[in-house]
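Here's the letter readout for the chains.
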Amino acid sequence: MYPALSIDAGTAPSGEFMQVRVRTTSPCNRQAYFDWIEDELAPALREGGVTDFRSGRIIMGGNPNTFVRYTLANEFPAQGPDIAAAVGEREFARIIGREPGLLVSSEEYVYRFREDLSFTADE
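Residues numbered from 1 in each chain as written. Predicted model: local features only at pLDDT ≥ 70, side-chain atom pairs only at ≥ 80, totals over all residues. Heavy atoms only, no water.

Student: Just checking my understanding: could you explain the overall build of the protein for this structure?
Tutor: Scanning the protein for helices and strands turns up three helices and four strands. Element order for the protein, N to C, with α for helix and β for strand: β-α-β-β-α-α-β. What you see for the protein is a C-alpha radius of gyration of 15 Å, in line with the 14 Å of a compact globule of 123 residues. Taking all 123 residues of the protein together, 33% fall into the buried category. If you take every contact in the protein between residues at least 6 apart in sequence, the share linking residues at least 24 apart comes to 84%. Accessible surface computed for the protein: about 7800 Å², of which carbon and sulfur atoms make up 53%. Computed over 12 positive and 19 negative side-chain charges, the inter-centroid distance for the protein is 6 Å. (Helix = DSSP H or I, 4+ residues; strand = E, 2+ residues; numbered from the N terminus. Rg over C-alpha atoms; globule rule 2.2 N^0.38 Å. Buried < 20%, exposed > 50% of the residue type's maximum accessible area, 1.4 Å probe, protein only. Contact = heavy atoms within 4.5 Å. Areas by Shrake-Rupley, 256 points an atom, 1.4 Å probe, with all protein chains shown as cover. Lys, Arg positive; Asp, Glu negative; His and termini not counted. Charge placed at Lys NZ, Arg CZ, Asp CG, Glu CD.)

Student: Is there a simple way to explain the environment of Met1 in this structure?
Tutor: For Met1, the position within the fold is in the segment before strand S1 (17–25). As a C-alpha pair, Met1 and Tyr70 span 69 residues in sequence and 11 Å in three-dimensional space. Those residues within four positions of Met1 in sequence are excluded, and the remaining contacts are Arg54, Ser55, Gly56 and Tyr70.

Student: Would you take a moment to explain helix H1 (residues 30–47) for this structure?
Tutor: Residues separated by three or four positions in an α-helix point in the same direction, a consequence of the helix having 3.6 residues per turn. Along its 18 residues, H1 runs 25 Å from first to last C-alpha, staying within 8% of the 26 Å computed at 1.5 Å per residue. Ile37 marks where H1 bends most, by close to 40°. Of all the positions in H1, only Tyr33, Phe34, Trp36, Ile37, Glu40, Leu41, Ala42, Ala44 and Leu45 are classed as buried. Lining the buried residues of H1 we find S1, strand S2 (54–57), strand S3 (66–73), helix H2 (83–87), helix H3 (89–98) and strand S4 (103–112). Taken from the residues just after H1, Gly49 is the one with a positive phi, measuring 90°. (Expected span 1.5 Å × (residues − 1). Bend = angle between axes of the 7 residues up to and from the residue.)

Student: How do you make sense of the pattern of salt bridges when you look at a structure like this?
Tutor: Working definition: two side chains of opposite charge can pair if their charged atoms are close together. In total, this model carries ten salt bridges according to the counting rule given. Put simply, Arg54 and Asp52 hold a salt bridge, and the shortest N to O gap is 2.6 Å. Among the residues examined, Arg54 registers a relative accessible area of 5% and is labelled buried. Taken together, the shared-partner salt bridges connect Arg21, Arg23, Arg69, Glu99 and Glu108 into one network. (Salt bridge = Lys/Arg side-chain N within 4 Å of Asp/Glu carboxyl O.)

Student: Could you clarify how one ought to interpret the sheet that holds S1 in this entry?
Tutor: Adjacent strands of a sheet pair through backbone hydrogen bonds, lying either parallel or antiparallel. In spatial order, the strands read S2-S3-S1-S4; together these four strands make up an open sheet with antiparallel pairing. In this open sheet, the two edge strands, each paired with only one partner strand, are S2 and S4. Strand-to-strand twist in this sheet, taken as the mean axis angle between neighbours without regard to direction, amounts to 15°. Where S1 meets S3, eight bridges bridge the pair, whose relative direction is antiparallel. Note on S3: the bridge partner recorded for Thr24 is Thr66. (Pairing = 2+ DSSP bridges. Axes fitted to C-alpha atoms, helices over the stretch in contact; angles between N-to-C directions.)

Everything listed is a geometric property; what it means functionally is a separate question.
Quick look at the structure:
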């Protein structure tokens, strides 16, 4: 995990839903993608009022060029703050428009917590 690239609402997971974005870069774009998150995406999300955004990268047991970003939410679909209004629509479109050129693949998942189907360490 990259705490400096994250906006963490707390260490304990909260929210019934989790949206996960898995992005894989080519080896030559790994650092550029990291820099994009650090210098452009994360600051725009902070300025836009996002309160929960967590970012990490696969290090062991997978492709080290794979980045994982996730957000926890209480509703689905999650309606977050209007980031484009906060940073400007043109600027936000420019920031988001850079991502596809750095990737070789992308996947998105939405998970829902079901207490009746989940294991906890308390049990």
